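Descriptive structure summary
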Amino acid sequence: MEQTSGAVATGQYQLSQLAAIEAQSIHIIREVAAEFERPVLLFSGGKDSVIMLRLAQKAFFPAKIPFPVMHVDTGHNFPEVIDFRDRMVADMDASLIVASVQESIDAGRSVEEAGLDPSRNRLQTRTLLDALTEGKYDAVFGGARRDEEKARAKERVYSFRDEFGQWDPKNQRPELWSLYNGRHRPGEHIRVFPISDWTELDVWQYIGNEGLELPSIYYSHTREVFRRDGMLLATGPFVNPRGDEEVFEAVVRYRTVGDMTCTGAVESSAVTVDEIILEVAASRLTERGATRADDKVSEAAMEDRKKEGYF
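All residue numbers here refer to positions counted from 1 along the written sequence of the relevant chain. Only residues with pLDDT of at least 70 get local features here, since the model is predicted, and only at 80 or more are side-chain atom pairs given and counted; chain-wide, interface and lining totals rely on the full set of residues. Here the side-chain values reflect all heavy atoms present in the structure, with hydrogen atoms and water set aside.

Of the two faces of strand β5 (residues 158-161), the one lined by Y158 and F160 and the one lined by S159 and R161 are each fully buried. Sheet analysis places β5 next to strand β6 (residues 189-192), joined by four bridges and oriented antiparallel. Paired with Y158 across the two strands is V192, which belongs to β6. The rule is simple: take the accessible area with a 1.4 Å probe, protein chains only, and divide by the maximum for that residue type; under 20% is buried, over 50% is exposed, in between is partly exposed. Numbering goes from the N terminus for both helices and strands, where a helix is a DSSP run of H or I of at least four residues and a strand is a run of E of at least two. A pair of strands is considered paired only if DSSP assigns at least 2 bridges between the two.

Have a look at this one:
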């Protein structure tokens, strides 16, 4: 018999990059479901949370996803994203919890920002922490990735949060050989990042391979915008140009989705996943670095918010 060589002879098969990181992420999701009593998955309708839903679906197929899905809604979101969120969750027959920033303001737990160009982005933290306490969730899945922003690059896969929901970057647990320590006392919880090791390029290649649907704003379209601090912000009911900011039509798409008041577009003609993959491969700026005004408030803006309880 002719001998086969290398990996085939020893029964070892080299997984592709996407298959390997998918397997790792599914392993993490299953570990959390087995170890924790009340997990919840944060879902914004963005590309990373779409992947998180697909991974959870694969992890437990043919059963339903065994934990609810939560969206922290600022009330200032892109309408295309909210419509997509509702349709996506309904198609998967998942349980959706909407934690509303507006309800937090109405109840006096949060105070609307005053002054020029107020944003509700920072108010999400209080709403999120209240929702986690109310639901008694002990593990919270998020779609954050280390390549997005330098503070997120400091995170472990299991990120411990104290009884106040706060994060201490100097108090993290070692994670060796894919072993994760989820021990916590009542009132504490763990933030879990199954796609932490994925890159933006991995995300788009996976979207293409899986044929995943995304909100339309991820693809090139014509929109009225104005330029502020180097970013293109869309006109709308929640953000208005100042006197010296000219409104014009541009062909744009969004690399990340979030609150309309602080999420910028990029000029792009990419209308397919393959065209976006080429753009991402050539880019030298992360999606948040290029398009999120809330990360530019200070050098440590994201880390400060994470310490308070933000994702």
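Moving on to the pattern of salt bridges. Side-chain pairs of opposite charge can arise where the charged atoms are in close proximity. We count a salt bridge whenever a side-chain nitrogen from Lys or Arg sits within 4 Å of a carboxyl oxygen from Asp or Glu. Inspection of the entire model under this criterion finds 19 salt bridges. The shortest N-O distance in the salt bridge between K47 and D48 comes to 3.8 Å. Residue K47 shares its accessibility class with D48, and that shared class is buried. With a shortest N-O distance of 3.1 Å, E188 and R185 are connected by a salt bridge. The exposure class of R185 is exposed, given its relative accessible area of 57%. Here the salt bridges do not stand alone but share partners, grouping E22, R54, K58 and E210 into one network.

This part is about the nonpolar core. Here the nonpolar core consists of buried residues drawn from Ala, Val, Leu, Ile, Met, Phe, Trp, Tyr and Cys, with membership extended through side-chain atoms lying within 4.5 Å. Formed by 60 residues in total, the largest nonpolar core has its most connected members in F43, I51, Y158 and W204. Examining the composition of this core, we find that eight residues originate from one element, helix α3 (residues 47-60), more than from any other. There are two domains that each give this core at least three residues, and those are domain 1 (17-202 + 300-308) and domain 2 (215-296). Throughout, a residue-residue contact means that at least one pair of heavy atoms, one from each residue, lies within 4.5 Å. Leaving out residues up to four positions away in the same chain, Y158 has contacts with I28, E31, V32, E35, F36, E175, Y180, N181, G182, I190, R191 and V192. In terms of nonpolar packing, the next biggest core, distinct from the first, is built from 13 residues, V72, I105, L123 and A131 among them. Domain extents, as shown, originate in an automatic or database domain assignment.

In this model, F61 is joined to P62 through a cis peptide bond whose omega is 10°. Here P62 shows up in the loop between α3 and β2 (69-73). Residue D93 is not a glycine yet carries a positive backbone phi of 55°. Backbone geometry places W177, a non-glycine residue, at a positive phi of 55°. Classification of W177 as exposed rests on a relative accessible area of 73%.

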